[in-house]
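Spelled out, the chains give:
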Amino acid sequence: VIARSRDEARLLIKGVGIHPRKVKIVLNGVNPPGPVDIEGVRREFAIEGDFALHVSMFTQRRKNVARLIEAIGPLGIPLLIGGLAGPAGEGDDVYAAAKKFPRVRFLGRLTAAQRDSLYAACRVFCLPSIFEGTGLVALEAASHGALVVITRNGGPPDYFGDFAEYVDPRNIASIRASIESAWNEPRDGALQAHVLNHLSWENSARALAAAYGA
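To keep things clear, this report deals only with the structure shown in the data block. (Residues numbered from 1 in each chain as written. Predicted model: local features only at pLDDT ≥ 70, side-chain atom pairs only at ≥ 80, totals over all residues. Heavy atoms only, no water.)

## Things to note about the pattern of salt bridges
Stage number 1. Overall, the coordinates contain 10 salt bridges when judged by the stated rule.
Stage number 2. For Asp-93, the salt bridge is made with Arg-61, and the minimal N-O distance between the two is 3.1 Å. Of this pair, Asp-93 sits in helix H4 (residues 92–98) while Arg-61 sits in the loop between strand E3 (52–55) and helix H3 (65–72), and the two are 32 residues apart along the sequence.
Stage number 3. Accessibility expressed as a relative area gives 30% for Asp-93, which makes it partly exposed.
Stage number 4. Across the salt bridge formed by Glu-70 and Lys-100, the nearest N and O atoms sit 2.7 Å from each other. With a gap of 30 residues between them, Glu-70 in helix H3 and Lys-100 in the loop between H4 and strand E5 (104–108) connect regions that are remote in the sequence.
Stage number 5. When salt bridges that share partners are traced, they join Arg-62, Lys-63 and Glu-132 into one network. (Salt bridge = Lys/Arg side-chain N within 4 Å of Asp/Glu carboxyl O. Helix = DSSP H or I, 4+ residues; strand = E, 2+ residues; numbered from the N terminus. Buried < 20%, exposed > 50% of the residue type's maximum accessible area, 1.4 Å probe, protein only.)

Structure, rendered in structure tokens:
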């Protein structure tokens, strides 16, 4: 049985009862970054200066966007939120939180080109979910050079190592402190290099083949 992280392996072993020898961990990967148009996306969305970014189906409770907004709002850091909303009534807490802070903006559905250009343009990508198996959107953002603030729950520590800021997703103060810390860090390329060197789909495929051959 293939697990995406140590945390998922633990759940399979202790929760499902699979023998440890039958569980192999194979990390997911990310595509290499393609061309982006940072200035073009800034013009399109009228973005000035540095900003934080979140991309998901943002009204889902698991994505924890209401707490993200409550955390970042008092810092005065612009937060752009891209992606789809769920059914009517879902995410009322998200919209209520956003009304308090004028620097929070919803961008709606993004094309792949817009999304990738926003990844490259943002200073910090925020994914403080209640739980993530991998955090693929954060991996994509990191591959484009963004700094990452992400949940500590689930698989992300296996993917981002010491190169990201981790949060307790149920604690607004923890989210705020991690965003502030990441915001003040230099974009030195260390996380980007880690992702591109160790978390390619080619590496993932090799690990999968090795797991089946073991």
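Further notes follow.
## With respect to the layout of surface pockets
Stage number 1. In this structure, the largest pocket occupies an estimated 160 Å³ of space.
Stage number 2. Among the secondary structure elements, those contributing two or more residues to the lining of the largest pocket are helix H5 (112–121) and helix H6 (136–143).
Stage number 3. Taken together, the residues of the lining of the largest pocket sort by class into six nonpolar, five polar and three charged. (1 Å grid on protein atoms, 1.4 Å probe; cavity = no way out; pocket = protein on both sides within 12 Å on 5 of 7 lines; lining within 4 Å. Points joined across faces, edges and corners; volume = space filled by probe spheres on them. Nonpolar A, V, L, I, M, F, W, Y, C, P; charged D, E, K, R; others polar.)

## Some words on the environment of Ala-3
Stage number 1. Relative to the elements of secondary structure, Ala-3 occurs in strand E1 (residues 2–3).
Stage number 2. Sequence spacing of Ala-3 and Arg-176 is 173 residues, and the spatial spacing of their C-alpha atoms is 31 Å.
Stage number 3. Beyond its immediate chain neighbours, meaning those up to four positions away, Ala-3 contacts Glu-8, Ala-9, Leu-12, Val-23, Lys-24, Ile-25 and Val-26. (Contact = heavy atoms within 4.5 Å.)

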